[in-house]
Amino acid sequence: MTVTAQPVVTLSAPASVCSNESPFTLTANPAGGNFSGTGVNASGAFDPSIGPGTYTVTYVYSQNGCTGSAQRTVVILATPNTPSILRNGDTLYTTSSGLHTWYRDGVAINGVTDSVLIIPGPGAYTVEVANSNGCVSPISVPENVVSTSIVERSEPSILIYP
């Protein structure tokens, strides 16, 4: 009589990911088994877009009539919605809460993390928001600013002489 040992199976998965992250492949050993669970296909591709929640992933490997398995829990964290930019005179703002990163012409504006931005000059402005989990929203639609104010003259612009 031959006794075959149960295979030692390992499964690696991140403890948590944001819901807007790209799909990724889980790692398991020995290779050649099957993955199962919500959000994962049989070859181990996991898609966080299934939405926030706690999900259990299982990997099963069979060899010489013996089966081994491993499980991991993956927490998918909520991602903030895409913020909208509103304008009031020389001020841009968003109603999204969190830590804001404002951009002017694609370059981050240093030191501005509030939901309100006093427009420093013309340009295409966008914003993204990070929540307390560290998940970052998609970037907003640009708000194009051509002018930040109207200059009023205190003297007449047309002078008539006799």
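Our structure is the block above this text.
**Observations regarding the overall build of the protein chain**
Point 1. Assigned secondary structure in the protein chain consists of zero helices and 15 strands.
Point 2. Across the 162 residues of the protein chain, 33% fall into the buried class.
Point 3. A fraction of 50% describes how many contacts in the protein chain between residues 6 or more apart in sequence connect residues 24 or more apart.
Point 4. As displayed, the protein chain has an accessible area near 10,000 Å², and 51% of this comes from carbon and sulfur atoms.

**Focus on the nonpolar core**
Point 1. With 15 residues, the main nonpolar core has Leu-11, Leu-26, Phe-35, Val-40, Phe-46, Val-57 and Tyr-59 as its most contacted residues.
Point 2. Among the elements of the structure, β7 (53-63) and β8 (66-77) are those that each provide at least two residues to this core.
Point 3. In terms of residue count, the dominant contributor to this core is β7 (four residues).
Point 4. Val-40 has contacts with Leu-26, Phe-35, Ala-45, Phe-46 and Val-57, leaving out every residue within four places of it along the chain.
Point 5. Leu-92, Ile-109, Val-112 and Leu-117 belong to the second largest nonpolar core, which has ten residues in total.

**A word on the sheet that holds strand β9 (residues 86-88)**
Point 1. Spatially, the three strands line up as an open sheet ordered β9-β10-β13, and their pairing is antiparallel. This sheet does not close on itself; its edge strands, each paired only once, are β9 and β13 (116-118). Geometrically, the sheet is characterised by an average inter-axis angle of 25° between neighbouring strands, direction not taken into account.

**Quick notes on the sheet that holds β8**
Point 1. Here four strands make up an open sheet; going across it, the order is β2-β8-β7-β5 and the pairing mixed. At either end of the open sheet lies a strand with only one pairing partner, and these are β2 (16-18) and β5 (34-36). Strand-to-strand, the axes of this sheet are offset by a mean angle of 30°, without reference to chain direction.
Point 2. Of the pairings in the sheet, the one linking β7 to β8 comprises eleven bridges and is antiparallel in character. Directly across from Gly-53, in β8, lies its bridge partner Ile-76.

**Describing the side chain of His-100**
Point 1. In this structure, His-100 sits in strand β11 (residues 99-104).
Point 2. Looking at His-100, its side chain comes within polar contact range of the main-chain oxygen of Ser-96, at 2.8 Å.
Point 3. Other than its neighbours up to four places away in sequence, His-100 contacts Thr-94, Val-112, Thr-113, Asp-114, Ser-115, Val-127, Glu-128 and Val-129.

**Describing unusual backbone geometry**
Peptide bonds are, in most cases, trans, and in most cases residues other than glycine have a negative phi.
Point 1. Between Asn-29 and the following residue, Pro-30, the backbone shows a cis peptide bond with an omega angle of -10°.
Point 2. With respect to the helices, strands and loops of the structure, Pro-30 is situated in the loop between β4 (27-29) and β5.
Point 3. Even without glycine at this site, Asn-64 takes up a positive phi of about 55°.
Point 4. With respect to the secondary-structure elements, Asn-64 resides in the loop between β7 and β8.
Point 5. You can call Asn-64 exposed: its relative accessible area is 64%.

Thresholds, definitions, all that
- Residues numbered from 1 in each chain as written.
- Predicted model: local features only at pLDDT ≥ 70, side-chain atom pairs only at ≥ 80, totals over all residues.
- Heavy atoms only, no water.
- Helix = DSSP H or I, 4+ residues; strand = E, 2+ residues; numbered from the N terminus.
- Buried < 20%, exposed > 50% of the residue type's maximum accessible area, 1.4 Å probe, protein only.
- Contact = heavy atoms within 4.5 Å.
- Areas by Shrake-Rupley, 256 points an atom, 1.4 Å probe, with all protein chains shown as cover.
- Core = buried A, V, L, I, M, F, W, Y, C linked by side-chain atoms within 4.5 Å.
- Pairing = 2+ DSSP bridges.
- Axes fitted to C-alpha atoms, helices over the stretch in contact; angles between N-to-C directions.
- Polar contact = N/O pair within 3.5 Å; in protein donor to acceptor, adjacent residues only side chain to side chain.

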